[in-house]
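Remarks on the overall topology
The chain contents come next:
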Amino acid sequence: MSAEYQVNGNVAVITLNNPPVNGLGHATRTAVVNGMKQALNDDAVKAIVITGAGKAFSGGADIKEFNSPKASAEPSLHTVINVVESSDKPVIAAIHTVCMGGGLELALGCNYRVASKGAQIALPEVKLGILPGAGGTQRLPRVLGLEMALNMVVSGTAVPSEKLAKTAIFNEVVEGDVLEAALAFAAKVADVRPLPRVRDIKIDYPNYEAYLQFSRNTVRAMAGPFPAPLKCVEAVAAAVTKKFDDGIKFERELFVDLVQTTESKALRHAFFGERAASKLPDVPDDTPTRPIKSVAVIGAGTMGGGIAMNFANAGIPVQILEMKQEALDKGLATIRKNYENTLKKGKLTQEKFDQRVGLITGTLSYEEIAQADIVIEAVFEDMGVKEQVFKKLDEVMKKGAILASNTSTLDVDKIADFTKRPEDVIGTHFFSPANVMKLLEIVRGKKTTKDVLATVLGLSKKIKKTGVVSGVCDGFIGNRMIEQYSRQAGFLLEEGCTPEQVDKAVEKMGFAMGPFRMGDLAGNDIGWYIRKRRYVEKPQITYSKTADLLCELGRFGQKTGAGWYDYKPGDRKAYPSSIVNDMIIKHSADLGVERRKISDQEIVERLIFSLVNEAAYILEEGIATRASDIDMVYLTGYGFPLHTGGPMFYADTVGLPNVVMAMEKYAKGRHGDAWKPAPLLAKLAAEGKTFN
Ligand code: 3H9
């Protein structure tokens, strides 16, 4: 059932019922129209209330329907709203919890709106790369005024109902049962005529042209590669420049265009990808979880400190363990300074500052952390060091505690086997800065139990991370792929590129940072350390020596004031380095490689397709559950441009046969062995299929 119809006294109640958030899919729209007809044909009914069952009034149009004919099948949302708006009996929206997108547009088509306090009100379409397409851009300015409405449409941000209580959007904002309040309201207005309609409200904003021009300029500068924000301004502008029906028509045209853009498809993919990532086929939603009321972190370095802040931010007490008082003091002081900076910027209240700082304590004793519900090790990335820590944790931690390792490449099964409770061991790979980056790679060991997995997935939500589960392999999903990307970046230097040229090519595509600026930020010594291990473990893999030569010069990146680029004290800007460029040219000569001019297209293809090919192996081996999980890892942890939807979605957009064709071309060049298509990629390309 997608909407229920009931008559309460002389008021008909239509209750949207399409879990989880009463999305206005075809069946729900049909049921609302049927309910309206029934109410209008029933002489005993004097007023109509529309509300939502469960945990939402409505989350808007059903996004899952967007790519299907159902999305535009009649009754469209327009038709539904027209039926509601042209009713000759008063229609009251009883709004609670969530009223977004098409849900808010439906409510704005009603004659009256009663909302419960705390209901989240939004037109968030822009976040999906579209704009409100069922009258939202025309009706919201009529009830909120031009400026407030434009802000809401362009930002997509939700506003709690009580903050809008003084505007014309709501007739009442109530505490307690909103349906009861709406029924009482219906009784009061049942006989009031003429019926008020939002479309009839005049927008009073004399100097609107200047304001709209200012908005266009601001939004254009902020929108980046996304077309939707500027179209949102144009649609809202139509609310003041055009007659209502013309404005609706104009909005509709813009909506239809936007819905078909790759940017919108990519954002919708990311929306569902984020939600899918928290689900594993063999770990059902009702898997029991372990309560997490306290956390311990081993190591007060940059990573340990950042990890600890996540939990304090979520209100969970954290102990940080260090070996030496000096290191502990330094770590705690850094955390405090981070919070002070946020406080100074006005992004944190004094109360929250005190609360968060107060939740983080330090200790030098393993015994003192023994009662923590989860302990996260963030020590040096070395199996010997991890062995010592996990043996100690096994000795001291209470029964049932989750033992997590923040390793970025090491074998979690091996780490688990250092303990007598491998079922409690899991990998939690945070990304630096750990208090900022959204990604949490959750590494499932062979013996990790489902309740441990479900607990950590839940915890990642609680600390507002995108948790993506990876199986055990060297580098897990993200770093295993990035190794191929880094290898290509190194080869490109040998063949004719400068670090700046490579970085610029991918930054133009939308990457937050190219591979060399990224290396300088993260520290080039980390990759050096990992490569040295690989030279022993996997001598068959070839790497460019340029990164090793760089490290031999002590150029570890920003932290040493020099890396692939030069840096000036107190300035993070990267300046091209003649020392590095000379070093690269000499290395090419030593290799006997004739340097050539390399196009941006080749740079981008070699970097991205090397990621995609490795990802295809990862997917086929079951290290990642689904292609969208890989996209989420790259969108939230590696600065992959959001408007492309992640590497797999990007490859789908390019077309897998085209990806394979480009790979065949590069296979004829140096290190051609790197370009053998993974079996899954070759198969999907041959079948004309996609990853997602
Ligand atoms: C629109 O309205 C266009 C119109 O202007 C014009 C049309 C012509 N549809 O986020 P959660 C699912 S565009 C389908 O984890 P929360 C979601 O996938 C729409 N499904 O929960 C998940 O499913 P599952 C404008 C939807 O409590 C489940 O609900 N509206 C929709 O943290 C729970 O989601 C938006 O952009 C939907 N519209 O947050 C609102 N929404 O369990 C987007 C959610 O299978 N939604 N689902 O994984 C949100 O912002 C949040 O989901 C919401 C709930 C705040 C509603």
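Residues numbered from 1 in each chain as written. Predicted model: local features only at pLDDT ≥ 70, side-chain atom pairs only at ≥ 80, totals over all residues. Heavy atoms only, no water.

**Things to note about the pairing of strand β10 (residues 295-298)**
- Side chains V295 and V297 of β10 all project onto a buried face; the interleaved residues A296 and I298 project onto the opposite face, where all are buried too.
- By the bridge criterion, four bridges tie β10 to strand β13 (residues 374-377) in an arrangement that is parallel. Opposite V295, over in β13, you have I374 as the bridge partner.
- Relative to strand β11 (residues 318-321), β10 runs parallel, the two sharing four bridges. Residue pairing across strands places V297 opposite I320, the latter belonging to β11.
- Running through helix α11 (residues 302-313), the crossover from β10 to the neighbouring parallel element β11 is right-handed. (Buried < 20%, exposed > 50% of the residue type's maximum accessible area, 1.4 Å probe, protein only. Helix = DSSP H or I, 4+ residues; strand = E, 2+ residues; numbered from the N terminus. Pairing = 2+ DSSP bridges. Right-handed = clockwise from strand over helix to strand, strands pointing away.)

**What about the packing of helix α23 (residues 600-620) against helix α27 (residues 679-686)?**
- For the pair α23 and α27, interaxial distance at closest approach is 7 Å and the crossing angle is 100 degrees. Taken together, α23 and α27 sit at an angle that is classed as roughly perpendicular. Where α23 approaches α27, its residues N613, A616, Y617, L619 and E620 are matched on the opposing element by P679, L680 and L681.
- The class makeup of the residues in the contact of α23 with α27 is six nonpolar, one polar and one charged. (Axes fitted to C-alpha atoms, helices over the stretch in contact; angles between N-to-C directions. Parallel < 35°, antiparallel > 145°, perpendicular 65-115°, else oblique. Contact = heavy atoms within 4.5 Å. Nonpolar A, V, L, I, M, F, W, Y, C, P; charged D, E, K, R; others polar.)

**Things to note about a positive patch on the surface**
- A cluster of basic side chains, namely K55, K64, R275, K279 and K461, defines a positive patch on the protein surface.
- As for its placement among the helices and strands, R275 is situated in helix α10 (residues 262-277). (Patch = residues over 30% accessible without salt bridge, like charges linked within 9 Å, V, L, I, M, F, W, Y side chains within 5 Å. Areas by Shrake-Rupley, 256 points an atom, 1.4 Å probe, with all protein chains shown as cover. Salt bridge = Lys/Arg side-chain N within 4 Å of Asp/Glu carboxyl O. Lys, Arg positive; Asp, Glu negative; His and termini not counted. Charge placed at Lys NZ, Arg CZ, Asp CG, Glu CD.)

**A look at helix α17 (residues 476-495)**
- Helix length check: α17 (20 residues) gives 29 Å between terminal C-alpha atoms against 28 Å at 1.5 Å per residue, within 8%.
- Of all 20 residues making up α17, 19 are buried, and the element is well covered by its neighbours.
- Backbone geometry just downstream of α17 places G496 in the positive-phi region, at approximately 150 degrees. (Expected span 1.5 Å × (residues − 1).)

**Things to note about the UniProt feature "domain: 3-hydroxyacyl-CoA dehydrogenase NAD binding" (unreviewed entry) in the chain**
- UniProt annotation of "domain: 3-hydroxyacyl-CoA dehydrogenase NAD binding" (unreviewed entry) refers to residues 294-470 when read in the numbering used here.
- The span residues 294-470 carries 42% helix and 20% strand; its end-to-end C-alpha distance comes to 25 Å. (UniProt positions renumbered as here; feature names shortened; annotations may be inferred.)

**Brief notes about the packing of aromatic side chains**
- Considering all chains together, one arrives at 15 aromatic pairs under this definition.
- Arranged with centres 5.1 Å apart and planes meeting at 65 degrees, the rings of Y112 and F185 form a pair that is edge-to-face. Of this pair, Y112 sits in strand β6 (residues 112-116) while F185 sits in helix α6 (residues 178-189), placing them 73 residues apart in sequence. The two residues Y112 and F185 agree in class, both being buried.
- Geometrically, the ring pair formed by W528 and F556 is tilted, given 6.1 Å between the ring centres and 50 degrees between the ring planes. With W528 in helix α20 (residues 524-537) and F556 in the loop between α21 (546-552) and β18 (565-566), this pair connects stretches of sequence that are 28 residues apart.
- By way of ring pairs, the aromatic residues F431, Y485, F511, Y634, Y638 and F640 are connected into one cluster. (Phe/Tyr/Trp six-rings, centres within 6.5 Å; stacked < 30°, edge-to-face > 60°.)

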